[in-house]
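# Structural description and commentary
The lines below spell out each chain.
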Amino acid sequence: MEYDPIVKGQSHRTGVRPNLSDYEEFWRDFRWEEMMGELDGLEGGGLNIAYEAIDRHARGPMKDKVALYWEGRDGRSEEYTFSDLYRLTNRFANVLKRLGLGKGDRVFTYGDRIPEIYISLIGALKAGAVIGPLFSAFGPDAVKERLGDCEARFLVTTPKLAGVVRGTVDDLPSLETLIIINREKTACELNEKEVDYEALMTEASHSFDMERTDKDDYAIIHYTSGTTGKPKGVVHAHEAVVGHYATARYVLDLHRDDIYWCTADPGWVTGTSYGIFGPWSNGVSQVVYEGGFRATNWYRVIEKYKVTVWYSAPTAIRMLMKAGEGVAQKFDLSSLRYLCSVGEPLNPEAILWGNRAFGLPFHDNWWQTETGCIQIANYPVQDIRPGSMGRPFPGVRATILDDNCEKELPPGEEGHLALRAGWPSMFRTYWNMQELYDSRFRNGWYITGDRATMDPDGYFWFVGRADDVINTAGHLVGPFEVESALVEHPAVAEAGVIGVPDPLAMEVVKAFVSLKDGYEPSEELKRDIKRFARKKLHSVACPRKIDFLPGLPKTKSGKIMRRLLKARELGLPEGDTSTLEE
Ligand code: AMP
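An account of the accompanying structure is given in this report. (Residues numbered from 1 in each chain as written. Predicted model: local features only at pLDDT ≥ 70, side-chain atom pairs only at ≥ 80, totals over all residues. Heavy atoms only, no water.)

## What to know about the overall build of the protein
Secondary structure summary: the protein contains 18 helices and 27 strands in total. A burial count over the protein gives 64% of its 582 residues as buried. Carbon and sulfur atoms provide 48% of the accessible area of the protein, an area that totals close to 21900 Å². The positive charge centre, built from 70 side chains, and the negative charge centre, built from 85, are 2 Å apart in the protein. (Helix = DSSP H or I, 4+ residues; strand = E, 2+ residues; numbered from the N terminus. Buried < 20%, exposed > 50% of the residue type's maximum accessible area, 1.4 Å probe, protein only. Areas by Shrake-Rupley, 256 points an atom, 1.4 Å probe, with all protein chains shown as cover. Lys, Arg positive; Asp, Glu negative; His and termini not counted. Charge placed at Lys NZ, Arg CZ, Asp CG, Glu CD.)

Shown next as C-alpha cells:
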C-alpha cells in the first residue's frame, strides 16, 4: 500500500519543548531504574500506585493544585485538589478496612465516571486491595462472570446498577458487600449485603496508614476487551506505575501545566493507566467527563477546560470525522497542543484529518491490556509516518518473529509482534489461567498475538490480530490495510473487514461498511467503493463483497469486533459478547 507523506509530529503552535527531545539519545541512556528513581516509593520500602498518584503530591507544594476537573453528564462540575483526593481516598481505605478487607482482596467498581469511582479505586489500592474496574454498561452476566472468576469480595456501585446485579448476588458466594454510592440521594432500600457509601465515608477518618505493598504485589485486574474470545483477567502489580509514569511523561508528553483529557473509561485499561495513574503520577490536572460521545459535547469540554493534551481512540476520531470539520470549527480549540490515539489501528486518513480540523496530527501508539503501558509510539520529536504505530518506547525491545515464534525476522518481513519480557508494567498472570499466561512467552519473548512488520528505520506497522489476518490466494492480508483504504472513500464512515471461505482462494476479503450522514446504500455506491479500493490496494486485498451496515459491532472500548462480523456472516455461534457495545 502507498502511504501518505510524512506528517510533522510536534505541535509547532505552542513551541513547548517535548520531554523526550532526542529519541536516539534517550534510547541509549534509558534505564527503568531511573524512572523508578523519579517516583517516591513508600517510606521504609515498598511501592504503591496510589501513593505515587496522589499522596506524594498532596504532601508537597502541589497539594492545592486541581487534580480532577469533573463534569457530569448533566453539566454539573466539581473540582478536587490532590489534597482533597488524598483525604477522600484515605477515608475510603478506612471504610474498606472497617468492612474487613484483607490485603489482596478483590474490590470491583461498577459505575459511571463519577468522582466516587476514582476515589474508591485509589482508596482500595491504599488499603492493599486488588482493584477491578468494570464498565457501567455491562449487563448482569458480564459482571457476574468477572466477579465470580476472581472471587471479588466487594463491589462499589450505584443504586441503579445495584438493581442490575441484585439477581446474581446469590450466585457469588465470595461477594460479601455492595457499597452503594447514592449521589442523587434517590430512594433506595439497602438489603443486608448493601452499605451506604456516603454514611461510611462521613464516619471514616481522613488519616490512613497505607498498607505496605511491594512492587510485585497484585494491584489491578482488567478483563480484556474480548475482540477475539472469552475475556481473561489480566493482572498487574504495583510496579506498573513505573510504566504509567514514564510513558505518560515521554509519550503523552505531559508537562506540569498541562490540562489533560483521556476519553477512556476506567473499565478499559486505557482509562486506568492513562485516565488515572499516568497523569496523576506526573502531578498533572486532568478532566473526566461523565457523558458519552457527542462531537459538540466533546469540543465543548476541550474549549471549557482549555485541554492541552488529548488522548482518544480511532473509533472516536472516526466519529468526529463523520460529524465533519465544520463542527470543530465552531469551537475555540486553540488550547490543544498534542493529540494521541490508541486502541485500534489509526487510519492514515484520520491523522491527516486531525491536521485539517485541529492543525495537529494524532499520534498513534500501540499497547495492550497485557502490556500495562504504551510500548510502541509516535513521539512529538519525530515526524509521523501515517499508518505506522511508531517506534518502541526506550526500555522496550520489540521485534518481529517468524511463524514458529523462534527466529527474529529482518525489516520488511511480516510476522508475530513480540516484546522482550520484563518491563515493569508487564502483566503478571491471567487470573486462574496460569497455563495460558505461560503459553504467551517463548524464549524470553512475550508474543503479543498481533502481526506486524518493522521498516528499516525501526518503525512498526500493524497488520492485524493474528486471528483476524485473511489468507487469500496464498497472500496474507491484514484487515487494517483494507479498512484504511475504504475509509478514505468520501462516503465511508467505518469499515470492518473479514475473510470468508472461498473454494478457490481459500478466503476472500469481505467488507462491512457504514456510511457517513447524507449517503444512502446502493449497488452503484458498492461498485464505486470497489473501484476506489482497486486504485489503492493490491488486487487480492480488494474486497470481493461489500455489505452496508448502519454501524459496526464494537467492544465497549471501541474496537471493531471482526470476530463477531465473521460469526454472523458464517452463521457460527457468536461466543462471548459481554463486551459488545449496544
Ligand atoms: P486491548 O488489550 O483490549 O486494549 O487490545 C489490545 C489490542 O488492540 C492490540 O493487541 C491490538 O490488536 C489493538 N491495538 C491497540 N492499539 C493499537 C494501535 N495503535 N494500532 C493497532 N492496533 C492496536
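## As for the pattern of salt bridges
Counted according to the given criterion, the structure contains 51 salt bridges. Here E71 ties to K304 by a salt bridge, and the two come within 2.8 Å at their closest N and O atoms. Residue E71 is found in strand β1 (residues 66-71), and its partner K304 is found in helix α11 (residues 295-305); the two are separated by 233 residues along the sequence. Of the charged contacts, one joins E290 and R73 as a salt bridge, the two residues approaching to 3.4 Å between their closest N and O atoms. One end of the pair, E290, is in the loop between β11 (285-289) and α11; the other, R73, is in the loop between β1 and β2 (77-81), with 217 residues separating them in the sequence. Through salt bridges with shared partners, one network takes in K215, D216, E239 and R428. (Salt bridge = Lys/Arg side-chain N within 4 Å of Asp/Glu carboxyl O.)

## As for the pairing of strand β17 (residues 398-401)
Residues A398 and I400 line one face of β17 and the alternating positions T399 and L401 line the opposite face, and both faces are buried. When β17 meets strand β18 (residues 415-420), the two strands line up antiparallel, connected through four bridges. Residue pairing for β18: T399 is matched across the bridge by A418. (Pairing = 2+ DSSP bridges.)

## Regarding the packing of aromatic side chains
Applying the stated criterion across every chain, the model contains 33 aromatic pairs. A ring pair is formed by W261 and Y289, whose centres lie 6.4 Å apart and whose planes are at 75 degrees; its orientation type is edge-to-face. Here the residue W261 occupies a position in strand β10 (residues 259-262), and Y289 occupies one in strand β11, the gap between them amounting to 28 residues. With relative accessibility at 2%, the residue W261 sits in the buried group. Ring centres of Y430 and Y437 lie 6.4 Å apart, and the angle between their planes is 85 degrees; on these two criteria the pair is classed as edge-to-face. (Phe/Tyr/Trp six-rings, centres within 6.5 Å; stacked < 30°, edge-to-face > 60°.)

## Structural notes on the sheet that holds strand β27 (residues 545-548)
Read from one edge of the open sheet, three strands run β25-β26-β27, paired in mixed fashion. Across the chains shown, the open sheet's two edge strands, defined by having one partner strand only, are β25 (492-502) and β27. Averaged over neighbouring strand pairs, the angle between their axes works out to 25 degrees when direction is ignored. Looking at chain direction, strand β26 (residues 506-515) and β27 are connected through four bridges and run parallel. The residue bridging F512 from the neighbouring strand is D547, located in β27. Each of β25, β26 and β27 touches helix α17 (residues 523-536); the most contacted strand, β27, lies at about 130 degrees to it. Packing of helix α18 (residues 562-570) onto the sheet brings it into contact with β25, β26 and β27, and relative to β25 it is tilted by some 55 degrees. (Axes fitted to C-alpha atoms, helices over the stretch in contact; angles between N-to-C directions. Contact = heavy atoms within 4.5 Å.)

## A closer look at the pairing of β10
Neither face of β10 is left uncovered, since the one carrying I259 and W261 and the one carrying Y260 and C262 both have all their residues buried. Bridge count for β10 against β11 is three bridges, and the pairing is parallel. Bridge pairing in β11 places W261 opposite V287. At this point the chain moves from β10, through helix α10 (residues 269-281), to the parallel β11, and the crossover so formed is right-handed. Sheet topology places β10 next to strand β12 (residues 309-312); three bridges connect them, and they run parallel. Across the sheet, the residue bridging to W261 is W310, located in β12. (Right-handed = clockwise from strand over helix to strand, strands pointing away.)

## Considerations on the packing of helix α12 (residues 314-323) against helix α14 (residues 348-358)
Where α12 meets α14, the axes come as close as 10 Å, and the angle between the chain directions of the two elements is 60 degrees. Classified by the interaxial angle, the pair formed by α12 and α14 is oblique. Here α12 runs over α14; the crossing is left-handed. Here I317, L320 and M321 of α12 come into contact with α14, specifically with E349, A350 and W353. Tallied by class, residues from the contact of α12 with α14 come to five nonpolar, no polar and one charged. (Parallel < 35°, antiparallel > 145°, perpendicular 65-115°, else oblique. Left-handed = near helix turned anticlockwise from the far one by under 90°. Nonpolar A, V, L, I, M, F, W, Y, C, P; charged D, E, K, R; others polar.)

## Concerning the layout of surface pockets
The computed volume of the largest pocket comes to approximately 960 Å³. If you go around the largest pocket, you meet 45 residues; those closest to its centre are G292, F293, M319, K556 and E581. Elements supplying a minimum of two residues to the lining of the largest pocket: β10, β11, β12, α12 and β25. The biggest single contributor to the lining of the largest pocket is α12, with six residues. Of the residues assigned to the lining of the largest pocket, the class counts are 20 nonpolar, twelve polar and 13 charged. (1 Å grid on protein atoms, 1.4 Å probe; cavity = no way out; pocket = protein on both sides within 12 Å on 5 of 7 lines; lining within 4 Å. Points joined across faces, edges and corners; volume = space filled by probe spheres on them.)

## What about α12?
Because an α-helix completes one turn every 3.6 residues, residues spaced three or four positions apart along the sequence face the same direction. Counting buried positions over the ten residues of α12 gives seven, a clear majority of the element. Along α12, the residues that are buried comprise P314, T315, A316, I317, R318, L320 and M321. Contact partners of the buried residues in α12: α11, β12, β13 (338-341), α14, β14 (362-366) and β25. Immediately beyond the C-terminal end of α12, within one or two residues, lies G324, with a positive phi of roughly 100 degrees.

## Section: helix α4 (residues 82-98)
Between the first and last C-alpha of α4 there are 24 Å, a value that for 17 residues agrees with the 24 Å anticipated at 1.5 Å per step. Every buried residue of α4 is accounted for by F82, S83, L85, Y86, T89, N90, F92, A93, N94, V95 and L96. G100 sits one or two positions beyond α4 and adopts a positive phi of about 100 degrees. (Expected span 1.5 Å × (residues − 1).)

## Some thoughts on the packing of α4 against helix α5 (residues 115-126)
At their nearest, the axes of α4 and α5 sit 7 Å apart, and the two run at 65 degrees to each other. Like other packed secondary-structure pairs, α4 and α5 cross with a definite hand, here right-handed. The segment α4 lies against α5, with L85, Y86, L88, T89, N90, F92, A93 and L96 engaging I119, S120, I122, G123, A124 and K126. Residues belonging to the contact of α4 with α5 are distributed by class as follows: nine nonpolar, four polar and one charged.

## Concerning the nonpolar core
Y274, W280 and Y311 are the most contacted members of the largest nonpolar core, which has 124 residues in total. The residues touching W280, leaving out its near neighbours within four places in the chain, are E52, A53, I54, H57, A67, L68, F82, L85, I122 and Q286. Within the second largest apolar cluster, 34 residues are counted, among which are Y305, M321, A328 and L339. (Core = buried A, V, L, I, M, F, W, Y, C linked by side-chain atoms within 4.5 Å.)

## Comments concerning the environment of W261
Considered as a pair, W261 and Y69 are 192 residues apart in the sequence and their alpha carbons are 9.7 Å apart. If sequence neighbours within four positions are ignored, W261 has contacts with V287, Y289, W298, V301, I302, V307, V309, W310 and Y311.

## Observations regarding unusual backbone geometry
With a phi angle near 50 degrees, E151 is a residue other than glycine that sits in the positive phi range. With respect to the helices, strands and loops of the structure, E151 is situated in the loop between α6 (140-149) and β5 (154-157). Despite not being glycine, N432 shows a phi value in the positive range, around 65 degrees. Overall, the relative accessible area of 59% leaves N432 in the exposed class.

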